[in-house]
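So the chains spell out like this:
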Amino acid sequence: MAAKLRRDPSPIITLTTDFGQHDGYVGAMQGVILSICPGARVVTLSHEIPPQDVHAAAFVLYQAFSYYPPYTVHCVVVDPGVGSKRRAVAVRTNQGIFVGPDNGVFSLVMKADGINILEAVTLTNPDYQLPAVSATFHGRDIFAPTAAHIARGVALAGFGPSAINLVRLDYRTGRTGAGQPDESRIIHIDHFGNLILDISARDIEDPEQVRFEIDDQVIHSLSYTFADVPDQHLLAYVGSTQNHIEIAVRNGSAAHKLGVKLGDVVKVSEIG
Amino acid sequence: MAAKLRRDPSPIITLTTDFGQHDGYVGAMQGVILSICPGARVVTLSHEIPPQDVHAAAFVLYQAFSYYPPYTVHCVVVDPGVGSKRRAVAVRTNQGIFVGPDNGVFSLVMKADGINILEAVTLTNPDYQLPAVSATFHGRDIFAPTAAHIARGVALAGFGPSAINLVRLDYRTGRTGAGQPDESRIIHIDHFGNLILDISARDIEDPEQVRFEIDDQVIHSLSYTFADVPDQHLLAYVGSTQNHIEIAVRNGSAAHKLGVKLGDVVKVSEIG
Amino acid sequence: MAAKLRRDPSPIITLTTDFGQHDGYVGAMQGVILSICPGARVVTLSHEIPPQDVHAAAFVLYQAFSYYPPYTVHCVVVDPGVGSKRRAVAVRTNQGIFVGPDNGVFSLVMKADGINILEAVTLTNPDYQLPAVSATFHGRDIFAPTAAHIARGVALAGFGPSAINLVRLDYRTGRTGAGQPDESRIIHIDHFGNLILDISARDIEDPEQVRFEIDDQVIHSLSYTFADVPDQHLLAYVGSTQNHIEIAVRNGSAAHKLGVKLGDVVKVSEIG
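Values in this document were obtained by computation on a predicted structure and should not be read as measured data. (Residues numbered from 1 in each chain as written. Chains lettered and ligands numbered in written order. Predicted model: local features only at pLDDT ≥ 70, side-chain atom pairs only at ≥ 80, totals over all residues. Heavy atoms only, no water.)

## Remarks on the overall build of chain A
Okay, so step 1: Scanning chain A from terminus to terminus reveals five helices and 14 strands.
Okay, so step 2: Referenced to the eigenvectors of the C-alpha coordinate spread, the extents of chain A come out at roughly 60 × 35 × 35 Å.
Okay, so step 3: Looking at chain A as a whole, 61% of its 272 residues qualify as buried.
Okay, so step 4: Taking the contacts inside chain A whose residues are at least 6 apart along the sequence as the reference set, 66% of them involve residues at least 24 apart.
Okay, so step 5: For chain A, the exposed area adds up to about 10,400 Å²; of that, 50% sits on carbon and sulfur atoms.
Okay, so step 6: Taking the average place of the 21 positive charges on the side chains of chain A and the average place of its 28 negative ones, the gap between the two points comes to 9 Å. (Helix = DSSP H or I, 4+ residues; strand = E, 2+ residues; numbered from the N terminus. Buried < 20%, exposed > 50% of the residue type's maximum accessible area, 1.4 Å probe, protein only. Contact = heavy atoms within 4.5 Å. Areas by Shrake-Rupley, 256 points an atom, 1.4 Å probe, with all protein chains shown as cover. Lys, Arg positive; Asp, Glu negative; His and termini not counted. Charge placed at Lys NZ, Arg CZ, Asp CG, Glu CD.)

## Digging into the confidence of the model for chain A
Residues and elements named next belong to chain A.
Okay, so step 1: Residue-level pLDDT values for chain A average 92, and 94% of them are 70 or greater.
Okay, so step 2: Low pLDDT, under 50, characterises residues 1–5; the predicted model gives this stretch 15 contacts beyond four residues in sequence or across chains.
Okay, so step 3: This prediction of the complex comes with two scores: 0.93 for pTM and 0.92 for ipTM. (pLDDT = per-residue confidence, 0-100.)

## Examining the packing of helix H1 (residues 25–36) of chain B against helix H4 (residues 138–151) of chain B
All names here are of chain B.
Okay, so step 1: Orientation of H1 relative to H4, taken along the N-to-C sense of each, is 35°, at an axis distance of 9 Å. Helix-helix and strand crossings are classified by hand; for H1 and H4 the assignment is right-handed. Counted together, Ala28, Met29, Val32, Ile33 and Ile36 of H1 and Gly139, Arg140, Ala144, Pro145, Ala148 and His149 of H4 form the full contact between these two elements.
Okay, so step 2: When grouped by side-chain class, the residues that make up the contact of H1 with H4 number eight nonpolar, two polar and one charged. (Axes fitted to C-alpha atoms, helices over the stretch in contact; angles between N-to-C directions. Left-handed = near helix turned anticlockwise from the far one by under 90°. Nonpolar A, V, L, I, M, F, W, Y, C, P; charged D, E, K, R; others polar.)

## Considerations on helix H2 (residues 54–64) of chain C
Okay, so step 1: Buried residues dominate H2 of chain C, accounting for ten of its eleven residues.
Okay, so step 2: One side-chain oxygen of the residue at the start of H2 of chain C lies 3.2 Å from the amide nitrogen of histidine 55 of chain C, identifying that residue as aspartate 53 of chain C. (Polar contact = N/O pair within 3.5 Å; in protein donor to acceptor, adjacent residues only side chain to side chain.)

## Focus: the sheet that holds strand S8 (residues 195–200) of chain A
Okay, so step 1: Pairing within the open sheet is mixed, and its eight strands lie in the order S10-S9-S14-S7-S8-S13-S12-S11 (chain A). The sheet is open, and its two borders are formed by strand S10 (217–219) and strand S11 (222–223) of chain A, each paired with just one other strand. (Pairing = 2+ DSSP bridges.)

## Quick notes on the environment of asparagine 194 of chain C
All names here are of chain C.
Okay, so step 1: With respect to the helices, strands and loops of the structure, asparagine 194 is situated in the loop between strand S7 (182–189) and strand S8 (195–200).
Okay, so step 2: Once the C-alpha coordinates of asparagine 194 and alanine 248 are considered, the two residues, 54 residues apart in sequence, prove to be 4.7 Å apart.
Okay, so step 3: Not counting the four nearest positions on each side in its chain, asparagine 194 is found in contact with His188, Ile189, Phe226, Tyr237, Glu246, Ile247 and Ala248.

## Digging into the relation of the copies chain B and chain C
Okay, so step 1: Of the transformation placing chain B onto chain C, the axial shift is 0.0 Å and the rotation is 120°, giving an RMSD of 0.0 Å. In symmetry terms, the pair is related by a three-fold rotation axis. Relative to the rotation axis, the closest C-alpha in chain B is found at arginine 41 of chain B, a distance of 5.2 Å.
Okay, so step 2: Interface overlap between copies: only 3% of the residues of chain B at the interface are likewise at the interface in chain C, consistent with a contact formed by different surfaces. (Least-squares fit on C-alpha atoms with pLDDT ≥ 70 in both.)

## What about the packing of aromatic side chains?
Okay, so step 1: Overall, the coordinates contain 24 aromatic pairs over all chains when judged by the stated rule.
Okay, so step 2: When the ring of phenylalanine 19 of chain B is compared with that of phenylalanine 137 of chain B, the centres are 5.5 Å apart and the planes differ by 90°; the resulting orientation is edge-to-face. Separated by 118 residues along the polypeptide, phenylalanine 19 of chain B in the loop between strand S1 (12–17) and H1 and phenylalanine 137 of chain B in the loop between strand S6 (117–122) and H4 bring together distant segments of the chain.
Okay, so step 3: Among the residues examined, phenylalanine 19 of chain B registers a relative accessible area of 8% and is labelled buried.
Okay, so step 4: Through pairs of rings, three or more aromatic residues link up here, namely Phe19, Tyr25 and Phe137 of chain A together with Phe192 of chain B. (Phe/Tyr/Trp six-rings, centres within 6.5 Å; stacked < 30°, edge-to-face > 60°.)

## Quick word on the pairing of strand S13 (residues 244–249) of chain B
All names here are of chain B.
Okay, so step 1: Of all six residues making up S13, six are buried, and the element is well covered by its neighbours.
Okay, so step 2: Where strand S8 (residues 195–200) meets S13, three bridges bridge the pair, whose relative direction is antiparallel. Along S13, the bridge assignment pairs isoleucine 196 with glutamate 246.
Okay, so step 3: Connecting strand S12 (residues 234–238) to the antiparallel partner S13 that follows it, the hairpin turn spans five residues, and glutamine 242 within it adopts a positive phi of roughly 50°.

## What about the interface of chain C and chain A?
Okay, so step 1: Taken together, the 29 residues of chain C in the interface contact 30 residues of chain A.
Okay, so step 2: Summed over both partners, the interface of chain C with chain A buries about 2,500 Å², with 53% contributed by carbon and sulfur atoms.
Okay, so step 3: Where chain C packs against chain A, one counts zero salt bridges.
Okay, so step 4: Per-element tally for the side of chain C that touches chain A: the top contributor is helix H1 (residues 25–36) of chain C, with eight residues.
Okay, so step 5: Residue classes in the side of chain C that touches chain A are distributed as twelve nonpolar, 14 polar and three charged. (Buried area = accessible area lost by both parts, 1.4 Å probe. Salt bridge = Lys/Arg side-chain N within 4 Å of Asp/Glu carboxyl O.)

## Some points on helix H1 (residues 25–36) of chain A
Okay, so step 1: End to end, H1 of chain A covers 17 Å across twelve residues, agreeing with the expected 16 Å (1.5 Å per residue, within 8%).
Okay, so step 2: Residues of H1 of chain A that are buried: Tyr25, Val26, Gly27, Ala28, Met29, Gln30, Gly31, Val32, Ile33 and Leu34 of chain A. (Expected span 1.5 Å × (residues − 1).)

## Considerations on the interface of chain B and chain C
Okay, so step 1: Residue-level contacts link 29 residues of chain B with 30 residues of chain C.
Okay, so step 2: The interface formed by chain B and chain C includes 16 residue pairs in polar contact (both at pLDDT 80 or more).
Okay, so step 3: When residues of the side of chain B that touches chain C are assigned to their parent elements, the largest contribution, eight residues, is made by H1 of chain B.
Okay, so step 4: Classifying every residue of the side of chain B that touches chain C by side-chain character gives twelve nonpolar, 14 polar and three charged.

## Here's the deal with the pattern of salt bridges
Side chains carrying opposite charge are able to pair once their charged atoms draw close together.
All names here are of chain B.
Okay, so step 1: Enumeration according to the criterion identifies 21 salt bridges over all chains in this entry.
Okay, so step 2: Put simply, aspartate 113 and arginine 202 hold a salt bridge, and the shortest N to O gap is 3.3 Å. Highlighted residues: aspartate 113 in the loop between helix H3 (107–110) and S6 and arginine 202 in the loop between S8 and strand S9 (210–214), separated in sequence by 89 residues. Each member of the pair aspartate 113 and arginine 202 is classed as exposed.

## Observations concerning the side chain of glutamine 129 of chain B
All names here are of chain B.
Okay, so step 1: With respect to the element layout, glutamine 129 can be found in the loop between S6 and H4.
Okay, so step 2: Here glutamine 129 falls in the buried class, since its relative accessible area comes to 15%.
Okay, so step 3: A distance of 3.4 Å separates the side chain of glutamine 129 from the backbone oxygen of leucine 123, its partner in a polar contact.
Okay, so step 4: The contacts of glutamine 129, once residues within four sequence positions are left out, are Leu123, Thr124, Asp141, Ile142 and Pro145.

## Topic: the domain arrangement of chain A
All names here are of chain A.
Okay, so step 1: When cut into domains, chain A gives domain 1 (12–159) and domain 2 (182–270).
Okay, so step 2: Each of domain 1 and domain 2 has a C-alpha centre, and the two are 31 Å apart.
Okay, so step 3: With seven residues of domain 1 at the interface, the matching set in domain 2 holds eight residues.
Okay, so step 4: Between domain 1 and domain 2 lies a buried interface of about 750 Å² when both sides are counted; carbon and sulfur atoms form 57% of it.
Okay, so step 5: Considering only the surface of domain 1 that becomes buried against domain 2, Phe59, Tyr62 and Asp113 emerge as the three largest contributors, covering 61% of it.
Okay, so step 6: Our count for the domain 1 to domain 2 interface comes out at one salt bridge.
Okay, so step 7: Here domain 1 and domain 2 share two residue pairs in polar contact (both at pLDDT 80 or more) between them.
Okay, so step 8: Broken down by class, the residue content of the side of domain 1 that touches domain 2 amounts to four nonpolar, two polar and one charged. (Domains from an automatic or database assignment.)

Listed below in structure tokens is the structure:
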């Protein structure tokens, strides 16, 4: 029934999980993948997503997916609802095929520039899952085999019925209007303590006339790069993730200096 | 002398170590492997085994090995006795070939359902080791080259004499009898704080009539999955590792809530 | 213009970064590499270099590079000067091709026994970089594509003009003279708390007549391996990294026991 999509001798499957690296759970998933699709090249995006943190996984995927060939299978397992009624889904787009729980983890990718959803299905066909599906490890028993079968060319229609109304997390889509005070939110804090905001370069009219306020700290314009400010000073700049605005401390941690956390507000205003 | 076992153009070698990821030690091992067996696909099970923790490595391997093709080479380097008289061994089974120090790290795998040891050797032949073997890094100088030579088809007999009486760690093999109070022990605490016990589903007669006690906390039956209990509540369930019983907190950490550690006792009793 | 160097269907590219594994930044780099050079085998040396710690990266690379085939591309991105005037370079040697910022990160490799620099260039040709180079993520936009293009056979001359006077960090090259008191420095502290010194076996005349002093602790000779001393005792020995002398505690952490840090002095003296 399922027509073959394509035949890449060494298809790419990326993995993003909150499994950490102590227990070998990701190792079990890779065994499943290589048993089903021996030619697969399995690449880690991250296994260090904080436990059950769907927003963090959404960001990591958003940050990386567009650098992969469009036929890449991106498998995400951050799944606080495992074993409940939440759907397991596969979503085919013009920029990659996404496999994981339907809990909003694909929300940021689905809002990215130029992305189009071509097809989405609910994973119900047991033929493409392990024979015994556990109640607590769908990464190994459902998502890994699904990713591997897609990678070896099984069409999405074979996995189950169409899925509509995918869960979307609430992310803003840019500023409401230029020229007035506005609130931005921190959507990710990275390993270096850099803060990634939910606004991007196109939300800023004039880089020299914008200011950012976090508590009592003010940044008076947009810099080009770290070296534009003295050591340990704050700066804002157009970051490397889809042109989102970031706030950093040169050779230091903005998260630490400012004591902020995910979701905190940064005031953005334009003078003039 | 050593007959060829098989010729897989891209054999799988898994690695499990306590080397961490700061120093590049695993990177050196991979260089050795790829120099000897350029087609090898090297997969990480874990490099985050706590230093010298042979029990943790035994669990990780046990949790993952059965998901790999039977000709996979599993190389484990958690080796507190490196440089001493402990043997270095390779063990061929019907479910994988295991390479590492003879310190009990393969104990749980060797007790798994359906596993049969077909052959075991002591690694003494210097032809299959690096020219200069250091006193402290046998992972790179002995185990990585051994795994790579096995992966490219060298038979075990070529590596050294038969090894008998492999070291076994003391793990129980199930309950002594149903219907009476019994003690179970925690054999692993995972990244999520879930507790994996040394008993499995087949040790429980009636999932509705079993109770678990840890200090003053009682769990009154076996649940199916996390979603069966309210947020932050304790549950016990048949886990995803070889049907072992696990204790968890929904969206939380059982290890943290209960303040337990590896080896601690959980009382198991059946009512009626 | 750029002649092809060679054509390996599955060339090896190693990665060493301070990106950690939370954000997927390394995942983006791997997507870039696999898009340009689909056959590349990407191997991690470490992504856990402490942020901006060029010395730690220099050691990791030094520890691992010589175990790789000589045509391996080693890509290092620990880059506190990203976006400033620091050069981006590629250096071809008889023991590997090195790609990264010109900040001294290749200093230890360039001092290794038997290494010869054959060619070095500054990475200025935008044809081998991503179309839009960000100001803050040259790992993804410059170094990953460079490594991938080299791996697929583009000659170094194509990337830009010759680079001379590469930055070298200040590492000593051995003892000034045997028989007199001398100072050694700690150049790396590894995951186990072992201390790697800047002197090597060839700097020691007689292993039985050498003593090491750190604060009030004295080690009276060179041991062969951990098992030569009682549990939790200090020892010095010829380590596994290019024969450098190491100081360790058997089944413990020398760094913790001695309270030392990178760069601290160890006194070395020979009696007799």
